[in-house]
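# Geometric and topological summary
Read off the chains here:
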Amino acid sequence: MIIQENSQANILLVADQQIFAYCIKNLLNRVSGINKLDFSATGKDAIKKTQKGNRYDVIIIDVDLPDISGFELLIQLRKIQPESFAILHSMQEKFWYIKQLMRSGADGIALKSDELSEIKEAIEHALRKEKYYSAKYLLCCSKFEGQEELTTREIEVLKGIADGKTSSDIAEGLFVSQNTIEFHRKKLMKKLKACNMAELIKKAVDNGYL
């Protein structure tokens, strides 16, 4: 790892899983150039730490936090410490999450199904001010690259279908015509390549929409 002589980095790990935090701590014991490692179990605490004047060279964010999504937290932390290198870590490999990760603007991304060495690699790259994306994440990006995303309205209709509502019920709740809902149903079937409602719901779950 190439680090300037006498450089010492401060790292913030935002994750509510103690086992994961313990593993990261052990990993960082084998990485040179680190001054201190702080922990936050919630997004709120992470924001508080950064606002108190603590400067972090690298911030590792678990996407699935108990109080705020890692995506939203990244946006807020960028405003407070835009110079920090941000690494997102996610257990989700479904279409919707991968698309969110692709749009996040994170400097590094690793999945929880990756080997821990991938996290170490991402941190080492961050210390060199280099972006890093794990091979498995890049494979997911390639897999979903041509797949169409659902619009906000289509997701609303999809949730109504999943709740067992009729087109009439969904239309009334969304203040649109029943014909509009039927149009969205057809679009949903086409986008998710489903043959019937049961398959539509299954694919919606598999892709992280429900």
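Let me sum up the structure you'll find in this document. What you see is a predicted model; the values in this text were computed from it and never measured. (Residues numbered from 1 in each chain as written. Predicted model: local features only at pLDDT ≥ 70, side-chain atom pairs only at ≥ 80, totals over all residues. Heavy atoms only, no water.)

### Some words on the pairing of strand S3 (residues 58-62)
Our working definition: Partly exposed describes any residue whose relative accessible area lies between the buried limit of under 20% and the exposed limit of over 50%, with all areas from a 1.4 Å probe on protein chains only and scaled to the type maximum. Runs of H or I in DSSP of at least four residues are treated as helices and runs of E of at least two as strands, each being numbered from the N terminus. A pair of strands is considered paired only if DSSP assigns at least 2 bridges between the two. Note on handedness: a clockwise path from strand one over the helix to strand two, with the strands aimed away from the viewer, defines a right-handed crossover.
Judged by how many residues are buried, S3 sits mostly within the fold: 5 of 5 residues are covered. Covered by surrounding structure in S3 are Val 58, Ile 60 and Asp 62 together with Ile 59 and Ile 61, the residues of both alternating faces. Pairing analysis gives 4 bridges linking strand S1 (residues 9-14) to S3, with the strands arranged parallel. Counterpart to Leu 12 in the pairing with S3 is Ile 59. Bridge analysis of S3 against strand S4 (residues 85-90) gives 5 bridges, and the strand direction is parallel. Residue pairing for S4: Ile 61 is matched across the bridge by Leu 88. Each parallel crossover has a hand, and for S3 linked through helix H3 (residues 70-80) to S4 it is right-handed.

### Quick word on helix H2 (residues 43-51)
Threshold: It is the directions from the helix axis to the C-beta atoms whose arc is reported.
Residues Gly 43, Ala 46, Ile 47, Lys 49 and Thr 50 constitute the buried set of H2. Around the axis of H2, the buried residues are gathered within 160° of arc, so they sit on the same side. Exposed residues pointing more than 90 degrees away from the buried face of H2 are listed as Lys 44 and Gln 51. Immediately downstream of H2, the backbone of Gly 53 shows phi near 100°, a positive value.

### With respect to the pairing of strand S5 (residues 108-111)
Side chains of S5 alternate between two faces, with Gly 108 and Ala 110 and Ile 109 and Leu 111 buried alike. Once you follow S4 into helix H4 (residues 95-103) and on to S5, the crossover reads as right-handed. The parallel pair S5 and strand S6 (residues 132-133), bridged by helix H5 (residues 116-127), forms a crossover whose chirality is left-handed.

### As for empty space enclosed by the protein
Worth spelling out the cut-off: Of the two site types, the cavity is a set of points on a 1 Å grid over the protein atoms alone where a 1.4 Å probe fits but cannot get out, and the pocket is an open set with protein on both sides within 12 Å along at least five of seven lines, each lined by residues with an atom within 4 Å of a point. Grid points are joined across faces, edges and corners, and a volume is the space filled by probe spheres set on the points. Only Asp, Glu, Lys and Arg are considered charged in this grouping, and only Ala, Val, Leu, Ile, Met, Phe, Trp, Tyr, Cys and Pro are considered nonpolar; every other residue, Gly among them, is considered polar.
Counting across every chain of the model gives 1 cavity of 30 Å³ or more. Lining the largest cavity, in full, are Ile 59, Leu 74, Leu 77, Arg 78, Gln 81, Ser 84, Phe 85 and Ala 86. Among the elements of the structure, H3 and S4 are those that each provide at least two residues to the lining of the largest cavity. The biggest single contributor to the lining of the largest cavity is H3, with 3 residues. Among the residues forming the lining of the largest cavity, the class breakdown is 5 nonpolar, 2 polar and 1 charged.

### As for the packing of helix H8 (residues 167-174) against helix H9 (residues 178-191)
As a reminder of what qualifies: To get an axis, fit a line to the C-alpha atoms, keeping to the stretch in contact for a helix; angles then go from 0 to 180 degrees between the N-to-C directions. In this scheme, roughly parallel covers angles under 35 degrees and roughly antiparallel covers those over 145, while 65 to 115 is roughly perpendicular and the rest are oblique. By convention, the crossing between two helices is left-handed when the near helix turns anticlockwise from the far helix through less than a right angle, and right-handed when the turn is clockwise. Whether two residues touch is decided by their heavy atoms; if any such pair falls within 4.5 Å, the residues are in contact.
The contact between H8 and H9 brings their axes to 8 Å, and the two run at 110°. In terms of orientation, H8 and H9 fall into the roughly perpendicular class. As H8 runs across H9, the sense of the crossing is right-handed. Residues Ser 167, Ser 168, Ile 170, Ala 171 and Leu 174 of H8 pack against Gln 178, Ile 181, Glu 182 and Arg 185 of H9. Residues belonging to the contact of H8 with H9 are distributed by class as follows: 4 nonpolar, 3 polar and 2 charged.

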